[in-house]
Structures are given as C-alpha cells and as structure tokens.
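Descriptive structure summary
So you can see what is in the structure, the chains are spelled out below.
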Amino acid sequence: MTHPSRQGITVRAAAKINLHLGVGAPREDGFHPLDTVYQAVSLYDDLTAYAADDWSLSTTVADHLGAVELPGPGDNVVDQVAALLCATGCADGCTPRAHVEVSKTIPVAGGMAGGSADAAAALVALDRLWDLQTPDEQLLALAAQLGSDIPFSLVGGTARGLGRGEVVTPIDDTGNWSWVVVPDAGGLSTPAVYRHYDVLFPDASPEPASAQPLLTALTSGDPFALAAALHNDLEAAAVDLRPDLGELLARGEMEGALRGLVSGSGPTCVFLCDSAEAARDVASSLSSVRPVVLTAHGPVSGAHVVDTSPFPEN
Ligand SMILES: C[C@@](CO)(OP(=O)(O)O)[C@H](O)COP(=O)(O)OP(=O)(O)OC[C@H]1O[C@@H](n2ccc(N)nc2=O)[C@H](O)[C@@H]1O
Ligand SMILES: Nc1ncnc2c1ncn2[C@@H]1O[C@H](COP(=O)(O)OP(=O)(O)O)[C@@H](O)[C@H]1O
C-alpha cells in the first residue's frame, strides 16, 4: 500500500431518531411518501480521510455493537460517496484517492441512520480533502441521490423531512431532550419493514400523517407534551416482525420513561425521559433486561469537521 499523508480530516456525524414518522402508500417508484421530523442525537460515527495514492477503507466498530457485518469494498456507502464525488466534482472524472477510516458507535441496521451518517461524513471529509468546494446545495443533492436519510445527516439538529425523507427543512428546536437508546443485536432491514407496513396497511392513505401536532409539542419545550405527540407509523410493522420490541417498549415506560418508541424502521428502541438524570435511572433499570443500554441527548449538529488527526503508527 502507498504511504498516506499523516494529516487527516475527521468528520463526526450523529445518529437520528424520527420524532414523527408519517408514512403514506407507496409511490410509483416504490418509495413511500413521508412527513417526518428527524432529531440528531449524541451517538456518533467518526470518519477520517487521509490523502493517499490509491483508495482504501477500513472500519472499526465499538464493542457495544457486537459482531456486525458491514458491506465489503465497493458496496459500502463510503465507497459510493467517493465514486459519486469524483464523477461529479472533477472535470476529468478523477479516480478516488484516499485512505478512509470509519469508527462506528451508531447501531448498524438499527433505524438510526448509521450508514447515512457515514455517507454524510464522507461527503464533507472527501470534499475538503480533494478541495472540491462543492456548494452546500449540491452536497445536499448528492446526498439525496445516495439515500433518503443522508441529507438530514448533513443538516442535523431537528428538521422536517418530506418527499421520501430527502427534502429537509431545519426546525427551530430550543429543547434539550433526554433519551435512552436500546440497540438490538439483530438488525432489521429497512425495505423489509416498509414491505411489511404495506402488508399490514394495504389501504394506507397516499398522504402521510402530518407532523404538525409533533411540531406544536416541540415548540412547547415540555417533554410530557413531546412524549404524547411522538408517532411512528413503522412501529406496528417492526413490532409485528419482532414482538419482543413491544415488551421492551412497555418495560421502559414501566421503569419511568415518558414514552418508548421504535426508532425509524427499528429495531433500536428509544425512550424519552423528563431529564438527563431520569434517563440515567431508566437506563440503569433496563440494563437488567438488555445487554446494551445507552443514554443520549438531542438535538446535536449534523456532519462537521472536528479534528485533524495524525495517521496511526504501525
Ligand atoms: C425508515 C427511515 C426513516 O427515517 O430510516 P431508517 O429506519 O432506515 O434509519 C428512512 O425512511 C429510511 O431511509 P434510508 O435508509 O436512507 O432509505 P433508502 O436507502 O433511501 O431506501 C432504502 C429502501 O427503503 C425503502 N424506502 C425508503 C424511504 C422511503 N421514503 N420509502 C421507502 O420505501 C425502499 O424500499 C428503499 O429501497
Ligand atoms: N458505513 C456503513 N455503516 C453502516 N451500514 C452501512 C454502511 N455502509 C453500508 N451499510 C449498510 O446499510 C444498511 C443500513 O444500515 P444503517 O444505515 O446502519 O441502518 P438503518 O437504515 O436501519 O438506519 C445495512 O445493510 C448496512 O449493512
């Protein structure tokens, strides 16, 4: 392998929760129209890009994620970002040249947009490494080409998502919301959960349920109001595929959470609590029934440069 430069660009990108996920009947292209409210929460993947003479990607996974399988070379979303940036950003369609390291703490296939976080981080890091100076609007358009959740991973904070989720508008959210996050070793496939939703709800309206009640609750700043407004149309499908998730949601609420919710397409479950201290208590109680229980807060920033790291010594 060629020896990469010792200067790297590190970008941090956050996991997401859908505070509201309204899902309409599938469109002609197979995607479901959404009215969703995303919130970025304080679980992060870090991606570092180093200058190099060729292309390589390595991934390390936090112990709490267990043994997870990530797509191999060429299929990882980071490879796809590099190819797309080269195809669109370089006049001569350059060959990707970089060494990229991804350090994952976001659950994989967990409904928290970990792959989207890595894609957003790669867009920001490689754009800077290759000095492409892609305008924000164009980065968002590239993100939307790669996946419905990726534009939000760039934007972060709290935001409404329309279309198939890729049309993102930031929402003013002055709250500091406290969450318990319970990942699951199993993973659920997003397309499989959408397909199961179609089976369970063959007469779903083409219009997704409006996020307006959630947005009103968010403005109040009151965690009780927010808890009452949390809504996920994919929850019934995820729980039907994995009935144990229903038991976990009930257990978390019994232990003091204001509300439990499947995160996106699952299987991660999240619990809104009325303070950081309450979240720690609920997390401690749920630790007796689940091996990994985390706490998090939101909203936090979208993908951003955090550090210039030295290349690790061999
Ligand atoms: C369900 C959500 C909720 O935010 O998140 P996750 O639970 O995956 O994190 C998203 O809609 C996931 O977005 P993302 O994971 O980016 O999906 P994509 O890569 O664009 O699409 C993967 C597949 O999901 C289905 N899909 C996705 C988005 C959408 N609006 N309708 C769909 O039917 C399609 O089968 C598509 O082929
Ligand atoms: N860098 C990556 N990190 C995580 N998952 C990835 C990555 N690249 C591709 N994937 C794949 O993307 C799919 C969705 O994973 P992820 O984004 O973590 O979950 P979800 O869509 O449930 O939020 C999985 O099949 C995963 O293997």
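Everything numeric in this text was worked out from a predicted model, so none of it was measured.

1. Here's the deal with the overall build of the chain
Of regular secondary structure, the chain possesses 10 helices and 12 strands. In terms of C-alpha radius of gyration, the chain reaches 19 Å, essentially the compact-globule figure of 20 Å for 314 residues. Overall size of the chain, expressed as C-alpha extent along the three principal axes, is 55 × 45 × 35 Å. Looking at the chain residue by residue over its 314 residues, the buried ones come to 49%. Nonlocal contacts in the chain, meaning residues at least 24 apart in sequence, comprise 76% of its contacts between residues at least 6 apart.

2. Some words on the site of ligand 2
Near ligand 2 there are 19 residues, and of these V77, A109, G114, G115 and D118 occur at the shortest range. Listing elements by their share of the shell around ligand 2, those giving two or more residues are α1 (77-89) and α2 (114-129). The leading source of residues in the shell around ligand 2 is α2, at 4 residues. Each of two domains, domain 1 (8-171) and domain 2 (177-298), supplies a minimum of three residues to the shell around ligand 2.

3. Structural notes on the site of ligand 1
Around ligand 1, 21 residues are found, and the nearest of them are S148, D149, R164, G264 and S265. When residues of the shell around ligand 1 are assigned to their parent elements, the largest contribution, 3 residues, is made by helix α5 (residues 190-200). Tallied by class, the residues present in the shell around ligand 1 amount to 7 nonpolar, 12 polar and 2 charged.

4. Digging into the domain arrangement of the chain
Each domain of the chain was delimited in the assignment, giving domain 1 (8-171) and domain 2 (177-298). Each of domain 1 and domain 2 was reduced to a C-alpha centroid, and the two centroids are 22 Å apart. Facing 32 residues of domain 1, the contacting portion of domain 2 comprises 40 residues. Breaking the side of domain 1 that touches domain 2 down by element, the ones donating at least two residues are β1 (8-23), β2 (34-50) and β5 (158-162). At 9 residues, the largest contribution of residues to the side of domain 1 that touches domain 2 is made by β2. Split by residue class, the side of domain 1 that touches domain 2 holds 17 nonpolar, 13 polar and 2 charged.

5. Points about the packing of α1 against α2
The N-to-C vectors of α1 and α2 enclose an angle of 35 degrees; their axes lie 9 Å apart at closest approach. Viewed along their axes, α1 and α2 form a crossing whose handedness is right-handed. Between α1, through V77, V78, V81, A82 and L85, and α2, the contact on the second element is made entirely by G115, D118, A119, A122, L123, L126 and D127. Of the residues in the contact of α1 with α2, the class split is 9 nonpolar, 1 polar and 2 charged.

6. Observations regarding the environment of T88
Topologically, T88 is positioned in helix α1. Judged by C-beta crowding, with 14 C-beta atoms within 10 Å, T88 ranks as partly exposed. Separated by 174 residues in sequence, T88 and V262 have C-alpha atoms that sit 37 Å apart.

7. A word on the nonpolar core
Within the largest apolar cluster, 94 residues are counted, with the highest numbers of intra-cluster contacts made by A120, A122, L123, L126, W179 and V180. The residue makeup of this core includes at least three contributed by each of domain 1 (8-171) and domain 2 (177-298). Dropping the residues within four chain positions of it, A122 is found in contact with L47, V78, V81, A82 and V100.

The rules we used
Residues numbered from 1 in each chain as written. Chains lettered and ligands numbered in written order. Predicted model: local features only at pLDDT ≥ 70, side-chain atom pairs only at ≥ 80, totals over all residues. Helix = DSSP H or I, 4+ residues; strand = E, 2+ residues; numbered from the N terminus. Rg over C-alpha atoms; globule rule 2.2 N^0.38 Å. Buried ≥ 20, exposed ≤ 12 C-beta atoms within 10 Å, placed from the backbone. Contact = placed C-beta atoms within 7 Å. Near = placed C-beta within 6 Å. Domains from an automatic or database assignment. Nonpolar A, V, L, I, M, F, W, Y, C, P; charged D, E, K, R; others polar. Axes fitted to C-alpha atoms, helices over the stretch in contact; angles between N-to-C directions. Left-handed = near helix turned anticlockwise from the far one by under 90°. Core = buried A, V, L, I, M, F, W, Y, C linked by C-beta atoms within 7 Å.

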